[in-house]
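Summary of the model geometry
These are the residues of each chain, in order.
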Amino acid sequence: MKQMKKTFALLLFVALALSVFPVLADEPGEGVLRTAILYDISTMDVTKTTDDYMIPMNVFDRLFETRMIDGMSQAVGSLCTDYSVSEDGLKYDFVLREGVVFSNGSPLTASDVQYSFERLLKENRSNTDVALEVAGAEALVNGESGTLAGFAITDDTHFSVTLSAPNAGFIAELSAPFMSVVDAETMAGAKQFGTDPADTIGSGPYIITEWVSNDHYTLVYNPLYWGEEPSVKKLIVSVIPDAGTQDLMFRNGELDIIDLQGLDSAIVESSYKLLFPERIVSTPKVGLTYLAINSGNEYLSDVRVRKAIGMALDVESIITGIYFDNAVRENGIIPTGIWGHNDALPGFSYDPDGARALLSEAGYKDGDVRFELAQDNTAGSNIRLVYDAVSDYLAAVGIRAEVRSYDHSSWLDLRNSGAMDAFVARWGMDYNDPANIMYTFFGSPANTAVRSLNYADTGIMERVSAARAIVDDGERQAEYRALEQKIIGEDAAWIPMFEELHLYCLGDRVASFTPHWAGFTDFYIIDVVLK
Amino acid sequence: MLNHILRRLLQAVLVLALVALLIFLMLRVVPGNPIATMMGEHVDPAVIERMTSELGLDQPITVQFFRYILDAMKGDFGTSYSMGKPVDGLIRTAFPNTLILALCAALFAWVMGIICGTVSAVRKNSVLDRLFMGFSLLGVSVPVFMAAMMLQYVFAYHLHWLDISGVKNWKSFILPAVALGWNSAGSISRLVRSTLLEILQADYIDTARAKGRGQAGVLIFHAMRNAMLPVVTMMALQLSSLLSGAVITESIFAINGIGRLAVQAIEGRDIPLLQGTALFSTALVILGNLAADLLYGVLDPRIRKES
Amino acid sequence: MPDNDPFRKKENVSGQAGDRLPEPDGFRSIVKRLAGENKLAVFSFAVILLFVLAAVLAPVLTPYTEKQMDLRHRLSPPSPEHLFGTDEGGRDILTRMLFGSRVSLLIGVVPSLVSMLLGAALGIVSGYAGGKTDTVIMRLADLMLAFPSMLLAMVIMYTLGGGLMNIFLTLSLVNWAGVARVVRSETLRIIKTEYVEAARITGVPGFRIMLRHILPNCVPTMLVLFTLNIPSSILTESSLSFLGLGIQPPDASWGLMVNTGRQFLYSAPWLSLIPSAAIMAIVLAFNFLGDGLADVLDPYRKNQ
């Protein structure tokens, strides 16, 4: 009996100990914003990433920023206050903003901009495409020259950039996060730029003060910032690898903004839209979710099969059923929200009988056409459902497209090798210019191979590449429309599906929030206003 | 005794070396290019090729292995592909979290296991016995992620007693430790119960009883001491499973630990990081086993003499 | 398996005292004693049989197919049409549970069987042969046991890629070492008996001794280990699936179902709770059965 009493006493003690814990989580301080991400960032250096733009966007400035103005996204001057273009579209003269200093007090000069361009090319990792357009870029990359020939400095605030070919999208491109301007003097002593917050110095509205891997990072307001003082003084971004946990934390008041795209849209629909109808903010995720089909495949090389696939998919039902209408149908290559988007493209209409007819015309019976739908196993639950739905719709017209799951690396490997049969993926736009998607997918044989499209028409690819240099807006738009018509309408080289909406939910401490113009997960902190 | 320890240490080093080789070889046959994964979506194939040779991944495997071992001996485990930081630094920040978590979980498991097991054995077939054994059986049957999510829901979300996730202070470890340790608590309490039951029926206990010792005395002086042997072994073995079981708990509670690093390494095909975390965890487990072994020697005089 | 040799049985019945080993039991007598001593184990066995039956008869028991989507009925709660409700793709959860039970049961049984056979063979050889053979095998086992098992499974699954066969392989590789250790110590104990000594002295070949004398005496231990390995395999698979390294969709296993349903835990709890309950039930059943078997088969415990 003694033991029992002791045990009871102990249990009681444990229960008591548990119940006297200070009850609530710590309250956030004034001006503090708390958000969460699913995966930690890999670097703060924008030349080394194509995904982690949050710190580059907020700690650094660019010559231009793409901002939403009256519902339209456009490039506006940031570090650059004025510019002019020569007649032939080759030479750009820029004027830098006066009196800008980096967060360590070092002043911004034209040579910093030159340094940033050259650094991008010398690092030669990713995101080099814009800088490569500058005259002399190739020579710098090859090591034939130590400086960028197309970059000429007049004085501290005046410089010019000469391109090797005219490019109508150049100013838009300069607003991409990877065109961030760093300080040449600071960089000379910054051994750990991109990994150590103390070395990662920019001129933007925020300073990165700490980054604890896999845990959180913190940004605080930069008192030397040239622009207006923002409402958020401190941002804490926690790494919470589980969307369900983020969900709980938000409901518990531990997060001020939750990115709803990690959650299945059914949850958003059934709980968030009912619980917090006024606090949901949505923005188009400018980009395109598509079904890529490999024209190099035995069956898919036949245009009739490709068209049949386009007609077999009931994209409208996918949008309604899976996305609860938080997506818009896309029929072309250039997505809604991007300059040059064509609303009038007819696209594929859902016609299973027509699809069957086309297949039998091509000489295929039920179940003859079979290929693999390769799925990246890191895909979110919505995209998984899209895969299953595509497979089901294709089965309904007699095409056997089995979903097979690959880990992320194997998936990338297979796709890059050009041997993937078909897959569903999304391309997000980096800057507001159609070349960002047209050229990437259909600009050269290498480009279509690396996405396992293996588009065959080299003549069209040359035109896609050349379209970048058309300076006249009207002409350029007409050319892109013709190309879209040919690639999608006639060749059915890939199947555009839809553009998603990116939904966020705001906690009760947030007064307003404007997401990134292209619906990135990353956003400008200055666009958040606290109550 | 000293001889025994030295021999075990030598064995441990050998095992560790073999593990290093094994992990290294396994990771080389994995399909998929780690550089392509690291560079992400918008990248030029030529850049991938250049980086592959920069990182020495196009060298013969033997060269890569010896280079790795040499660097590792100097404490340099390479730079993580996916996080861009030195692996040893990442492990150094992550390890305290895993250690605290595993120790808390072990403490919970040991205390709960021994209390539940003992009470159950002494009060065999009583309501308490049923209750504790139910708790134990549930512990060994519930998948750890399920336990973690339930605890999170009840204590953090519903009752607001504790934070849902992340490491802010010592309280942050309570829920993860319970989630992680429950399974071990179940195993230990079941073992304690069955061992005690067996011993309580043995002759010398009867003798002790006959000598007039009270039941508490019997338990503490005789039964427990003998029951400790298998229990200690089990406890040490559990430590190993706690350290590696922490993978899932760490993910759910967003604790930056070794397990989560390993998961991250796998997702990002980050060979240096995976090698580092795998080697490190293995070394920990080997040390744990070694400790158990030595403790066993201390507790059991027969073994002490044999060696 | 323990054989039903009437000669042995007679010997057993005669119950000779002394240093003789308790003889392996006939299957029928095990069941009989199990039924007598441990009702819970028998009940568990019945539950397991029920699960097996459901897995075998899956296509007959349900009007739906495993992968059939119905986007108009996403996340519908349990109802007469869908007894366990539907998942995020409108698929019938009962159907997926039934088909998933095939995978989960296979994952429980196959690797346990393989690792038991492998472990037993190596354990007996190791214990019987001693010397260098013993050292090599036991160091190898140490090597396997030195790995944190989850991490080892993760690394192997990662190397091989997801899928059923690879899970079998991984779990077998992870589990054999534990079995080998136990069987080895069991073998060492058996070898010391006069019974085996006698066989050795009279020149019975080693292989024969291992097969005819040692193995049958290890069977009870092996059976217990086998039964207890099944639930741990099922749990390990569910954890691997949790990390995306296990069964790959659109195949269904209970572990995978819990994991895909996990984000709906608070909005559509049936998605993850039902398969979790199934995992718990089967794991509990196997644990009870294993305990019962251990009670009945352990030559020391059963005499108490």
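For the structure given in this document, a descriptive report is provided here. (Residues numbered from 1 in each chain as written. Chains lettered and ligands numbered in written order. Predicted model: local features only at pLDDT ≥ 70, side-chain atom pairs only at ≥ 80, totals over all residues. Heavy atoms only, no water.)

Quick look at the overall build of chain C
Of the regular secondary structure elements, chain C holds 12 helices and zero strands. For chain C, restricting intrachain contacts to residue pairs at least 6 apart in sequence, the fraction spanning at least 24 positions comes to 70%. Approximately 13100 Å² of chain C is accessible, and the part contributed by carbon and sulfur atoms is 67%. (Helix = DSSP H or I, 4+ residues; strand = E, 2+ residues; numbered from the N terminus. Contact = heavy atoms within 4.5 Å. Areas by Shrake-Rupley, 256 points an atom, 1.4 Å probe, with all protein chains shown as cover.)

Points about the sheet that holds strand E6 (residues 151-155) of chain A
Residues and elements named next belong to chain A. Within the open sheet, the four strands sit side by side as E4-E5-E7-E6. Their pairing is antiparallel. Every interior strand has two partners, whereas the edge strands, strand E4 (80-85) and E6, have only one. For this sheet, the mean angle separating the axes of adjacent strands, direction not counted, is 20°. Of the pairings in the sheet, the one linking E6 to strand E7 (residues 158-162) comprises four bridges and is antiparallel in character. Looking across to E7, one finds that Asp155 is bridged to His158. Sitting on the sheet, helix H3 (residues 110-123) touches strand E5 (91-96), E6 and E7, and the angle it makes with E6 is about 170°. (Pairing = 2+ DSSP bridges. Axes fitted to C-alpha atoms, helices over the stretch in contact; angles between N-to-C directions.)

Observations concerning the interface of chain C and chain A
Frequently, the measure chosen for interface size is the accessible area removed from exposure when the parts meet. Each partner contributes to the interface: chain C provides 17 residues, whereas chain A provides 24 residues. Taking both sides of the interface into account, the surface hidden between chain C and chain A amounts to around 1700 Å²; carbon and sulfur atoms contribute 55%. Together, Met69, Arg74 and Gln263 of chain C form the three largest contributors to the area buried by chain C at its contact with chain A, with a combined 34%. Across the chain C-chain A interface, the total number found is two salt bridges. The residue Arg74 of chain C makes a salt bridge to Asp264 of chain A at a minimum N-O spacing of 2.9 Å. Connecting chain C to chain A are five residue pairs in polar contact (both at pLDDT 80 or more). (Buried area = accessible area lost by both parts, 1.4 Å probe. Salt bridge = Lys/Arg side-chain N within 4 Å of Asp/Glu carboxyl O. Polar contact = N/O pair within 3.5 Å; in protein donor to acceptor, adjacent residues only side chain to side chain.)

Brief notes about helix H4 (residues 61-73) of chain B
When the terminal C-alpha atoms of H4 of chain B are compared, their 18 Å separation across 13 residues agrees well with the 18 Å that a helix rising 1.5 Å per residue should span. The first or second residue beyond H4 of chain B is Gly75 of chain B, which carries a positive phi of 85°. (Expected span 1.5 Å × (residues − 1).)

Side note on the environment of Gly136 of chain A
Residue and element names in this part refer to chain A. Looking at where Gly136 falls in the secondary structure, it is placed in the loop between helix H4 (129-132) and helix H5 (137-142). On the basis of relative accessible area, Gly136 is assigned to the partly exposed category, the value being 28%. In the structure, Gly136 is positioned 332 residues away from Arg468 in sequence and 19 Å away in space, judged by C-alpha atoms. Apart from residues no more than four positions distant in its own chain, Gly136 is found in contact with Leu148 and Ala149. (Buried < 20%, exposed > 50% of the residue type's maximum accessible area, 1.4 Å probe, protein only.)

Points about the pattern of salt bridges
Applying the stated criterion across every chain, the model contains 30 salt bridges over all chains. The partner of Lys486 of chain A in a salt bridge is Asp491 of chain A, with the nearest N and O atoms 3.1 Å apart. Sharing partners across several salt bridges, the network here consists of Asp388 of chain A together with Asp87, Glu88, Arg91 and Arg96 of chain C.

Brief notes about the pairing of strand E9 (residues 216-221) of chain A
All names here are of chain A. The element E9 is extensively covered by neighbouring structure, given that five of its six residues are classed as buried. Here strand E8 (residues 206-212) runs beside E9; their pairing, made up of six bridges, is antiparallel. Considered in E9, the bridge of Ile207 is made with Val220. The hairpin formed by E8 and E9 contains three residues between the paired strands, and Asn214 there has a positive phi angle of roughly 65°. One ladder, built from five bridges, connects E9 with strand E10 (residues 234-239); its direction is antiparallel. Opposite Leu219, over in E10, you have Leu235 as the bridge partner.

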